[in-house]
Amino acid sequence: MSAINMKNIVKKYGDGFPAVNDVSIDVADGEFMILVGPSGCGKSTLLRMIVGLEDITSGDMIIGDRKVNDLAPRDRNLAMVFQNYALYPHLTVYENIAFPLRLAGAKDSEVDEKVRNASKTLELDEHLDRKPGNLSGGQRQRVAMGRAIVRDADAFLFDEPLSNLDAKLRGQMRTEIARLQKKLGITTVYVTHDQTEAMTLGDRVAVMKRGILQQLATPRELYENPGNLFVAGFIGSPPMNFVPAEVDGTSVKMPFGTVQIPEARSKNAQGKGLLIAGIRPQHFEDASVMQTKKEGSTFKTTVDVVEWLGNEAYAYIPFEAPPEVKEQLTQLEKDLDGEAMRTQLVVSLDGASKIREGDEAEIWVDAEKIHLFDPATGENLT
Ligand code: ATP
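Residues numbered from 1 in each chain as written. Predicted model: local features only at pLDDT ≥ 70, side-chain atom pairs only at ≥ 80, totals over all residues.

Draft legend 1. Region of interest: the site of the ligand. Around the ligand lies a shell formed by Y13, A19, G37, S39, G40, C41, G42, K43, S44, T45 and H193. Looking at the shell around the ligand residue by residue, the classes come out as three nonpolar, seven polar and one charged. (Near = placed C-beta within 6 Å. Nonpolar A, V, L, I, M, F, W, Y, C, P; charged D, E, K, R; others polar.)

Here is the structure:
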């Protein structure tokens, strides 16, 4: 197994905007690294440069202790697991797993030993005589991984392996991949546009936008301390709310009310004019159902719509963004593929909340979790 070190990687197609722009990522030996971002951000191109399916315009790609920029894909000793698993339907599970060994001219005894070891690890040993058509989606995925294991590949690379599956199967497979990756301890790079997959699978996650690495961190760090507006809006569901905010000392004035935030969070935001506050829906609550209320962090507002989901409810509170930040919020919405709502606050309430449509309600906000962003640069100032 090997570490993968990407150093200042650039990919240009023609003379346009670089598809990958000066990206440096170090994937540690045995680490599960996710490349995530919206369509066109360059994540697949980066993966294809690791495997060798795409030339590198500049920068160094280092796998283990070898610079592989000019090595053919077959000489890089990596295993790519594709979306459709690329299994041979007419071959048994045994022969599908054995395929790369046969191709390399391995002896029957070596083939047998490796296939049996891999199938034991993958809990496929009872299915070796079956054909892929008679397997579940999860089992097929494991056969594809088995083929990668018998090759003793230095790393696994996945390109959106779950994107064709329905939501339920996708959830199951996600757990399966995470479990196997930990069990095998093999260096893995996994491309997805789905932030839930990124958050649940990765040891660390590299968030990309338009060819540029935005932040590289653990899922928890991305959620709690997003480096900029884009990462803040991309990670988390429902997405973080963004509202205009004026900061004066520790007071943050927003369209729906003024709240007090800790001094440490407000100190970099002084005298900067109109900012964008970011608050996750989960960091609000119906003040009337709370056991303990914190001083200075509730506001009264009229709730427009309530969606009740059982254990929680989403309340929607419309607001008007002033022209000074409207442009930035519209651009952000475009960058996020329109996934985030920008004209209303989304508030997650406890399922026990009695707030209903049209009610005047007292809402508590976790002031310690409010982020403040510079609208010009997108930088998180908290
Ligand atoms: P998706 O999830 O839609 O596949 P992505 O984030 O994986 O998107 P890439 O496929 O890496 O993005 O593409 C990054 C950019 O490079 C895009 O603007 C794309 O149009 C461009 N691009 C990709 N392949 C080529 C190519 N062969 N020739 C020219 N431009 C390309």
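Draft legend 2. Geometry of the sheet that holds strand β20 (residues 360-365). Pairing is antiparallel across the open sheet formed by three strands, whose spatial order is β15-β20-β16. The open sheet has two free edges, formed respectively by β15 (284-286) and β16 (298-302), since each of these has just one partner strand. Going from strand to strand, the sheet's axes swing by 40° on average, the running direction of each strand aside. As judged from the three bridges shared by β15 and β20, these two strands associate in the antiparallel manner. Following the sheet pairing, E285 is matched in β20 by W364. (Pairing = 2+ DSSP bridges. Helix = DSSP H or I, 4+ residues; strand = E, 2+ residues; numbered from the N terminus. Axes fitted to C-alpha atoms, helices over the stretch in contact; angles between N-to-C directions.)

Draft legend 3. Spatial organisation of helix α2 (residues 93-103). For α2, the full list of buried residues reads V93, Y94, N96, I97, A98 and L101. Against α3 (108-121) and α4 (137-150) lie the buried residues of α2. In the stretch just after α2, G105 is the one whose phi turns positive, near 75°. (Buried ≥ 20, exposed ≤ 12 C-beta atoms within 10 Å, placed from the backbone. Contact = placed C-beta atoms within 7 Å.)

Draft legend 4. Up close: the nonpolar core. Judged by nonpolar contacts, the single largest core of 101 residues is most densely connected at I34, L35, L157, V189, A206 and A277. Among the elements that line this core, the one with the most residues is α4, at six residues. Both of domain 1 (4-229) and domain 2 (233-373) provide at least three residues apiece to this core. (Core = buried A, V, L, I, M, F, W, Y, C linked by C-beta atoms within 7 Å. Domains from an automatic or database assignment.)

Draft legend 5. Examining the packing of α3 against α4 more closely. Contact pair α3 / α4: the axes reach a minimum separation of 9 Å and the direction vectors enclose 135°. Between α3 and α4, the angle falls in the class oblique. Seen from above, α3 lies across α4 with right-handed handedness. Residue-level inspection shows K114, V115, A118, S119 and T121 of α3 in contact with α4, the latter providing G146, I149 and V150. Tallied by class, the residues present in the contact of α3 with α4 amount to four nonpolar, three polar and one charged. (Parallel < 35°, antiparallel > 145°, perpendicular 65-115°, else oblique. Left-handed = near helix turned anticlockwise from the far one by under 90°.)

Draft legend 6. Seen up close, the sheet that holds strand β18 (residues 312-318). One open sheet accounts for three strands, arranged β17-β18-β19; its pairing is antiparallel. With one partner strand each, in any of the chains shown, β17 (305-308) and β19 (344-350) form the two edges of the open sheet. Adjacent strand axes in the sheet meet at a mean angle of 20°, parallel and antiparallel pairs treated alike.

Draft legend 7. Fine view of unusual backbone geometry. Of the consecutive residues S237 and P238, the connecting peptide bond is found in the cis state with omega at -10°. Inspection of the secondary structure assignment puts P238 in the loop between α8 (229-234) and β11 (241-248). We note that E160 has phi near 45°; this positive angle belongs to a residue other than glycine. Tracing the sequence through the fold places E160 in the loop between β7 (155-159) and α5 (167-184). Residue E160 is classed as partly exposed on the basis of its 17 C-beta neighbours within 10 Å. Residues other than glycine seldom take positive phi values, yet R210 does so here, at roughly 40°. By the element assignment, R210 lies in the loop between β9 (204-209) and β10 (212-217). Classification of R210 as partly exposed rests on a count of 17 C-beta atoms within 10 Å.

Draft legend 8. Representation of the domain arrangement of the protein. Once the domains are mapped, the protein shows domain 1 (4-229) and domain 2 (233-373). Just the C-alpha atoms count here: the centres of domain 1 and domain 2 sit 37 Å apart. Contacts between domain 1 and domain 2 engage 10 residues on the former and 11 residues on the latter. Breaking the side of domain 1 that touches domain 2 down by element, the ones donating at least two residues are α6 (195-201), β9 and α7 (219-224). Per-element tally for the side of domain 1 that touches domain 2: the top contributor is α6, with three residues.

Draft legend 9. Structural context of the environment of Q172. Tracing the backbone shows Q172 in helix α5. What makes Q172 partly exposed here is the crowd of 15 C-beta atoms within 10 Å. Note: C-alpha distance between Q172 and F284 (112 residues apart in sequence) is 31 Å.

Draft legend 10. Representation of the pairing of β17 in the model. Here β17 pairs with β18 via four bridges, running antiparallel. Opposite V305, over in β18, you have Y316 as the bridge partner. Between β17 and β18, which pair antiparallel one after the other, the connecting turn spans three residues, and G310 there sits at a positive phi close to 105°.

Draft legend 11. Representation of α5 within the structure. Relative to the 26 Å expected for 18 residues at 1.5 Å per residue, α5 spans 26 Å between its end C-alpha atoms, a close match to the ideal helical length. Listing the buried residues of α5 in full gives M173, I177, L180 and Q181. Buried residues along α5 cover an arc of 100° about the axis, so they all sit on one side. Every exposed residue of α5 that faces more than 90 degrees away from the buried side is listed here: A167, K168, T175, R179, K182 and K183. The secondary structure elements touched by the buried residues of α5 are β3 (32-36), α4, β8 (188-192) and α6. Looking one or two residues beyond α5, the residue adopting positive phi is G185, at roughly 60°. (Expected span 1.5 Å × (residues − 1). Arc of directions from axis to C-beta.)

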